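Secondary and tertiary structure notes
Each chain is listed here by its residues.
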Amino acid sequence: MQDENGKAALGSPAEHSATAAQNSAHLNGYTVTQNGHNSTATPSPQSEYDSRAPSPTPAPVIIPREQWGGKYEFLLSCIGYCVGLGNVWRFPYLCYRNGGGVFLIPYFIMLFVTGVPLFLMELSLGQYGAAGPITVWKCCPLLKGIGIGMLCVSTLVCLYYNIIIAWTFYYLGSSFQSPLPWSCEAAANVGLCGNATTGNSSAAHRLSPTEKFWNEQVLGVVNSEGLHDPGPVRWQLALCLLAAWVIIFLCILKGIRSSGKVVYVTATFPYVVLIVLIIRGATLEGSLQGIAFYLTPDWSRLANAQVWNDAASQVFYSLGIGVGGLLSMASYNKFDNNVIRDTLIITGGNCGTSFFAGFAIFSILGHMAWKKGVPVGEVADSGPGLAFVAYPEALALLPGSAFWSIMFFLMLFMLGIDTLFGNMEGITTAVLDEFPHLRSNMLHKSLFLGALCFCFYLMGLLLVTNGGIYWFTLIDSFSTSFGLIIITLFMCIGISFFYGVNQFCQDIVDMICPCPGWCIKVLYYFKACWVFFTPFLLLLILTYIFIEMYNTSLHYGSYVYPRWGKALGVCMGATCCLQILIWAIVAISKETGTLKQRFQQSIRPLNSWRVNNLNNSNRVEERMEPERVEAPFTVTLTDMDFTAMNWEVGSQA
């Protein structure tokens, strides 16, 4: 198998066997150099009676990787990973912040031109290489920094993502009260609900019971002035965060074989709850006003770089692109899995769920706007807590609100656990691939995972202070912003032009062979996206970001972030993408020769690339062409080999 430059594919069975034998051959006493001539013609010290080749150096022991237990476990696990909290709280929040329905236009453009092609690229790369986000770059050692950058992004996401699960735990515990503490029936909210009459102008500035519960009891943000004033840790949220990390630790210890079983519940139960919320929301007064705001575009918003940046970040955030979770989960997949089919199913289901959840959110926002007598755009503060304001109010309006509140926040918990498990899998798989002895020793693996979760818990305590929401918004805004886009851009360019897009497409065909005709046709579209459309659109977005986005202020509610806070967020994103440059310099410095030669050598796949797949599919062995051996080797011959007459006699015999 050759790439587009005609270079034979590395890591073939011939090369693997040659490497295992130390690129040498010996025959009864003489040594021949690589060109076939014996320049010295000196006998080797090997005994003439011992014609056996010397024992090759034993190859390093490769610890077998786990694989998904069932045919559909990988598909369902990816759906559980992608269909998460981002579909319920982040997508409607971004629509709300960016003017409603106009956000759907850049979202779908980014989905079909960047999201789906990059999703397929990550799945294919992980499945074919059978390695995590760092080790998989054996296919192009120059770009190992992409895997390190993915690890940095995944760390930032895991740091603040579990805070959402902690909030969910807090609401779940509060849902066992009757009446609900954020409902109008609660004694503390009688004054708020009694004076909020329709059309009353003063009601526009009055907090609803759900907003009061969110800002005062859950966050405590009213007791903080901003980033510089985090205040004390809220012990209730600290306990919820601890419980969340304990559960994550237990889920990671169970491994991938048990995670696929849970998705049968977590992938279907959320849709039941969302259908109930949409039906209830449609019966409320003013709901159509909210749906119209959701679907009616404001075309002037398309000129704002923030809208396109949010669309790209939401596609990457929701699908998990560039974080390493997809690579890691695909690395445990069977070699002959149809990644094109899975890509279309997962991305389609994820997009549909995001759009579906928007109706549940905006129908309730329309009702809230009708009650307050204000436009939908002014009904609540934009922020990550929109789902913790709009959804609880919707639940309070349902008959048997306590029961549905428990079900809803249990749904959020399951969605969050699935997604966070995938993100943590990206981190742990990367480390375990680099240090494989941890994988074989359960005690060492448990200690490593426990220490990792505990460190995340300690760092997350900053986000459960009175001013934690300000830090949460800062990390959320920059962790999946320009840094993530740069990482995916280099991944796309590296695979398309360094590794070879033709070689990569052939790898995909090899995995799903026999490849259906429709897969071949779809692959042409993906190939065009990887080479032209996806890099161009990502570069365009980066240009918009660096020219316009950082000229606008970052804010949460009425609080405007200071310059040093914004600079800190930029440093977070820069730290992630600078790993590409740092590790590229390291890779080039390890090679020898001129700078051009070092660059060419650093983009060649390592000998161990594709080795893990030889045991998974014999088809690859059949298609692999013999690999040229570039390392020096020796051949030991006997006296007869240098005598023409004996040679001819020997050949006639």
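None of these values were measured; they are calculated from a predicted model.

1. What about the overall build of the protein?
- Scanning the protein from terminus to terminus reveals 25 helices and two strands.
- Residues classed as buried in the protein amount to 55% of the 653 residues present.
- Look at the contacts in the protein between residues 6 or more apart in sequence, and 85% of them connect residues 24 or more apart.
- Carbon and sulfur atoms form 65% of the exposed surface of the protein, whose accessible area is close to 27000 Å².

2. Brief notes about the pattern of salt bridges
- Taken as a whole and assessed by the stated rule, the structure comprises two salt bridges.
- Between Lys212 and Glu216 there is a salt bridge, with its nearest N and O atoms 3.4 Å apart. Residue Lys212 and its partner Glu216 are located together in helix H7 (residues 209-219), separated by four residues, close to a single helical turn.
- Residue Asp342 pairs with Arg341 through a salt bridge whose shortest N-O separation is 3.1 Å.
- The buried category is assigned to Asp342, whose relative accessible area is 1%.
- For Arg341, a relative accessible area of 31% translates into the label partly exposed.

3. Observations concerning helix H22 (residues 563-589)
- With 27 residues, H22 should reach 39 Å at 1.5 Å per residue; the first-to-last C-alpha distance of 37 Å fits that figure.
- Within H22, the full set of buried residues consists of Gly565, Lys566, Gly569, Met572, Gly573, Cys576, Cys577, Gln579, Ile580, Ala584, Ala587 and Ile588.
- Summarising the contacts, the buried residues of H22 are in contact with helix H5 (144-174), helix H19 (468-479), helix H20 (482-511) and helix H23 (595-602).

4. Focus on empty space enclosed by the protein
- This structure, assessed with the given rule, holds four cavities of 30 Å³ or more.
- In this structure, the largest cavity spans a volume of roughly 110 Å³.
- Surrounding the largest cavity, 16 residues form its lining, Tyr161, Tyr317, Ser318, Thr419 and Asn423 being those nearest its centre.

5. Thoughts on the environment of Leu540
- By the secondary structure assignment, Leu540 is in helix H21 (residues 517-548).
- Judged by its relative accessible area of 35%, Leu540 falls in the partly exposed class.
- Linking Leu540 and Trp308, residues 232 residues apart in sequence, is a C-alpha distance of 9.8 Å.

6. Observations regarding the nonpolar core
- Ranked by size, the top nonpolar core spans 186 residues in total, and within it Trp137, Trp167, Tyr391, Met424 and Trp530 carry the most contacts.
- With 20 residues, the top contributor of residues to this core is H5.
- Among residues more than four places away in sequence, those in contact with Trp530 are Pro117, Leu118, Leu120, Met121, Cys492, Ser496, Val501, Phe504, Cys505, Ile508, Leu523 and Pro535.

7. Describing the environment of Tyr171
- Looking at where Tyr171 falls in the secondary structure, it is placed in helix H5.
- For the pair Tyr171 and Phe409, spaced 238 residues apart in sequence, the C-alpha separation works out to 6.9 Å.
- If we ignore the near neighbours within four places in the chain, the residues touching Tyr171 are Trp182, Phe213, Trp214, Val218, Phe388, Pro392 and Phe409.

8. Focus: the confidence of the model for the protein
- The predicted model of the protein has a mean per-residue pLDDT of 79, with 78% of residues at 70 or higher.
- Below pLDDT 50 for its whole length, residues 644-653 participates in three contacts with residues either more than four positions away or in separate chains.

Procedures and definitions
- Residues numbered from 1 in each chain as written.
- Predicted model: local features only at pLDDT ≥ 70, side-chain atom pairs only at ≥ 80, totals over all residues.
- Heavy atoms only, no water.
- Helix = DSSP H or I, 4+ residues; strand = E, 2+ residues; numbered from the N terminus.
- Buried < 20%, exposed > 50% of the residue type's maximum accessible area, 1.4 Å probe, protein only.
- Contact = heavy atoms within 4.5 Å.
- Areas by Shrake-Rupley, 256 points an atom, 1.4 Å probe, with all protein chains shown as cover.
- Salt bridge = Lys/Arg side-chain N within 4 Å of Asp/Glu carboxyl O.
- Expected span 1.5 Å × (residues − 1).
- 1 Å grid on protein atoms, 1.4 Å probe; cavity = no way out; pocket = protein on both sides within 12 Å on 5 of 7 lines; lining within 4 Å.
- Points joined across faces, edges and corners; volume = space filled by probe spheres on them.
- Core = buried A, V, L, I, M, F, W, Y, C linked by side-chain atoms within 4.5 Å.
- pLDDT = per-residue confidence, 0-100.

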